[in-house]
Amino acid sequence: MLYRRIGTIAAAALALTVGLAVPALAHVSINPGTAEKGGWTKLAFRVPNERDDASTTKLVVTFPTDHPLPFVSVKPVPGWKAELTEGKLPEPIVADDGDKVTESVLKITWTGGKIEPGQFQEFEVSVGPLPKDVDEIAFPTEQTYSGGEVVKWADEPKADGTEAEHPTPTLKLVAASGGDEHAGMAMPAASPPATQAAQSVAMMKQAASSPVSDGTARIMGVAGIIVGLVGGGIGLVGFRRRSTTA
């Protein structure tokens, strides 16, 4: 009876997670989704192939001109060619250091490779310094398939707060935590055993309430919860058996 209950809980948790993760995996997204204002960061544009009969052959990411990023560098992707397009801004921008910015990277185009059906690819860039006076930066993106179809990921959020059909990849900006702006994010300290159960419950709630969060991360998180439940159940059964035979 105990094994049956554990199996039921595990199956329900996995079904809920997969159901939430599949839509999120189908979107072009930015990972990580947040960065510190005024700092430097590495962004990965995660591009899944949504078609069963075509491959993704081109990606164009448009960079902001109202809050331009002064320095942009691209990490090579095997099989793909990256081209940075620079140009004049519609209007000069005064940077945080007081300098006037008249030109910037307007877009990056990746061509030459393929993302086959059922696969995804990440295109990484290093950018900075990030603006300090905005809370997010949008990167409208065009995804081209081998059949000629072009999908534009440039929809704004709906008025009712629900997710658009083709949401714009967006980077959320948070207040700086101090320290070296060029340094990476610090690793969190290990959680005491007494707080792990509460964190697991919080993880499940967050997964259920975050429609655009990373699907793969939710799957791994809930998989860990399932393993913990099964392990706890087996331990309980063993304890009961020892108590009976004692």
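Residues numbered from 1 in each chain as written. Predicted model: local features only at pLDDT ≥ 70, side-chain atom pairs only at ≥ 80, totals over all residues. Heavy atoms only, no water.

Chemist: What's the story with the sheet that holds strand β4 (residues 56-62) in this structure? I'm lost.
Modeler: Hydrogen bonds along the backbone pair up the strands of a sheet, which may run parallel or antiparallel. Read from one edge of the open sheet, five strands run β6-β7-β4-β10-β11, paired in antiparallel fashion. Where the open sheet ends on each side, the last strands, each with one partner, are β6 (81-94) and β11 (150-153). Adjacent strand axes in the sheet meet at a mean angle of 15 degrees, parallel and antiparallel pairs treated alike. Pairing of strand β10 (residues 141-145) with β11 involves four bridges; the strand directions are antiparallel. Counterpart to E142 in the pairing with β11 is K152. (Pairing = 2+ DSSP bridges. Helix = DSSP H or I, 4+ residues; strand = E, 2+ residues; numbered from the N terminus. Axes fitted to C-alpha atoms, helices over the stretch in contact; angles between N-to-C directions.)

Chemist: Looking at this model, I keep getting lost on the packing of aromatic side chains. Mind explaining?
Modeler: Where two aromatic rings form a pair, the distance of their centres and the angle of their planes describe that pair. Applying the stated criterion across every chain yields a total of five aromatic pairs. Judged by centre distance (5.1 Å) and plane angle (90 degrees), the rings of W80 and F123 are edge-to-face. Residue W80 is found in the loop between β5 (71-74) and β6, and its partner F123 is found in strand β8 (residues 120-128); the two are separated by 43 residues along the sequence. A relative accessible area of 11% means that W80 is categorised as buried. Accessibility expressed as a relative area gives 0% for F123, which makes it buried. A network of ring pairs unites the aromatic residues F45, F63 and F139 as a single cluster. (Phe/Tyr/Trp six-rings, centres within 6.5 Å; stacked < 30°, edge-to-face > 60°. Buried < 20%, exposed > 50% of the residue type's maximum accessible area, 1.4 Å probe, protein only.)

Chemist: What is the right way to look at the nonpolar core in this model?
Modeler: One broad rule of soluble globular proteins: the nonpolar side chains tend to lie buried together. Residues F63 and F139 are the most contacted members of the largest nonpolar core, which totals 30 residues. Looking at this core element by element, the count peaks at four residues for strand β7 (residues 100-115). The contacts of F63, once residues within four sequence positions are left out, are L69, V72, V105, L106, K107, I108, V127 and F139. (Core = buried A, V, L, I, M, F, W, Y, C linked by side-chain atoms within 4.5 Å. Contact = heavy atoms within 4.5 Å.)

Chemist: Help me understand the sheet that holds strand β12 (residues 170-174), please; the structure alone is not making it clear to me.
Modeler: The three strands are arranged β2-β12-β9 in an open sheet whose pairing can be described as mixed. Of all strands in the sheet, those bounded by a partner on one side alone are β2 (34-36) and β9 (136-138). Neighbour to neighbour, the strand axes of the sheet diverge by 30 degrees on average, direction disregarded. Inspection of the sheet shows β2 paired to β12 by three bridges, in the parallel sense. For E36, the partnering residue across the bridge sits in β12 and is V174.

Everything listed here is a matter of geometry and, on its own, says nothing about what the molecule does.
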